[in-house]
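# Structural characterization, general
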Amino acid sequence: MSTAMWTAWGQIEDVHFILIRMDLDSGGGLSAGELAGECEGDFREFRECRERLTRERAREALDEADTEFDEFLTVALRELEQGV
């Protein structure tokens, strides 16, 4: 299991804010069909392929979460600035 956390903090006029996002990854995510379609060979080659796919999927998920956090922060800051 892996954990990823994003944090932003700051101040707009007299309002202080903290925004935290935490993702707890269950570690799963690759189906047998995906593995069969991508990986072949003996046990060692299959294991290396599975590990590579798992790393790629985790990297893609972190990139997506990072983008979502930035988008949410942008909207939150805009709304906070308009409300102050």
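Below you will find a few notes about this structure.

### Quick look at the pattern of salt bridges
Per the counting criterion, the structure on display carries six salt bridges. One salt bridge connects Arg57 with Glu34, and the closest N-O pair in it is separated by 2.5 Å. Here Glu34 lies in helix α1 (residues 32-38) and Arg57 lies in helix α2 (residues 43-83), a separation of 23 residues in the sequence. Among the residues examined, Arg57 registers a relative accessible area of 32% and is labelled partly exposed. The partly exposed category is assigned to Glu34, whose relative accessible area is 32%. Put simply, Glu56 and Arg52 hold a salt bridge, and the shortest N to O gap is 3.1 Å. Of this pair, Glu56 and Arg52 both sit in helix α2, separated by four residues, roughly a single helical turn. With a relative accessible area of 32%, Arg52 lands in the partly exposed category. Each of Arg21, Asp23 and Glu68 takes part in a single network of salt bridges with overlapping partners.

### Side note on unusual backbone geometry
A positive phi angle, near 55°, is found at Glu13, a position not held by glycine. Mapped onto the elements of the fold, Glu13 is located in the loop between β1 (2-12) and β2 (15-25). Judged by its relative accessible area of 59%, Glu13 falls in the exposed class.

### Thoughts on the packing of aromatic side chains
Applying the stated criterion across every chain yields a total of zero aromatic pairs. A cation over an aromatic ring shows up here: Arg21 above the ring of Trp6, its NZ or CZ 5.5 Å from the ring centre.

### Some words on a negative patch on the surface
Together, Glu60, Asp63, Asp66, Asp70 and Glu71 make up a negatively charged patch on the protein surface. As for its position among the elements, Asp66 is in helix α2.

What counts, and at which threshold
Residue numbers run consecutively from 1 along every chain, following the written order of its sequence. In keeping with the model being predicted, local features are shown solely for residues with a pLDDT of at least 70 and side-chain atom pairs are shown and tallied solely at 80 or more, while totals for entire chains, interfaces and linings include all residues. Derived side-chain values reflect all non-hydrogen atoms in the structure, with water molecules and hydrogen atoms excluded from consideration. By convention in these notes, a salt bridge is any Lys or Arg side-chain nitrogen within 4 Å of a carboxyl oxygen on Asp or Glu. Helix and strand labels come from DSSP, where a helix needs a run of H or I of at least four residues and a strand needs a run of E of at least two; each type is numbered from the N terminus. Throughout this description, buried means an accessible area under 20% of the type-specific maximum (1.4 Å probe, protein chains only), exposed means over 50%, and partly exposed covers the range between. Ring pairs are drawn from Phe, Tyr and Trp, using the six-membered ring of Trp, whenever the two centres fall within 6.5 Å, and their geometry is named by plane angle: stacked under 30 degrees, edge-to-face over 60, tilted for the rest. We call a charge positioned over a ring when the NZ of a Lys or the CZ of an Arg lies within 6 Å of the ring centre and within 35 degrees of the ring normal. Patch definition: residues above 30% relative accessible area lacking any salt bridge, with like charges linked at up to 9 Å and the nonpolar side chains Val, Leu, Ile, Met, Phe, Trp and Tyr linked at up to 5 Å. Areas reported as accessible are Shrake-Rupley estimates using a 1.4 Å probe. Residue values count occlusion only from the protein chains shown. Residues scored as positive are Lys and Arg, those scored as negative are Asp and Glu, and His as well as the terminal groups of each chain are ignored. Taken as the charge centre is NZ of Lys, CZ of Arg, CG of Asp or CD of Glu, depending on the residue.

So far we have only geometry, and geometry alone does not tell us how the molecule works.
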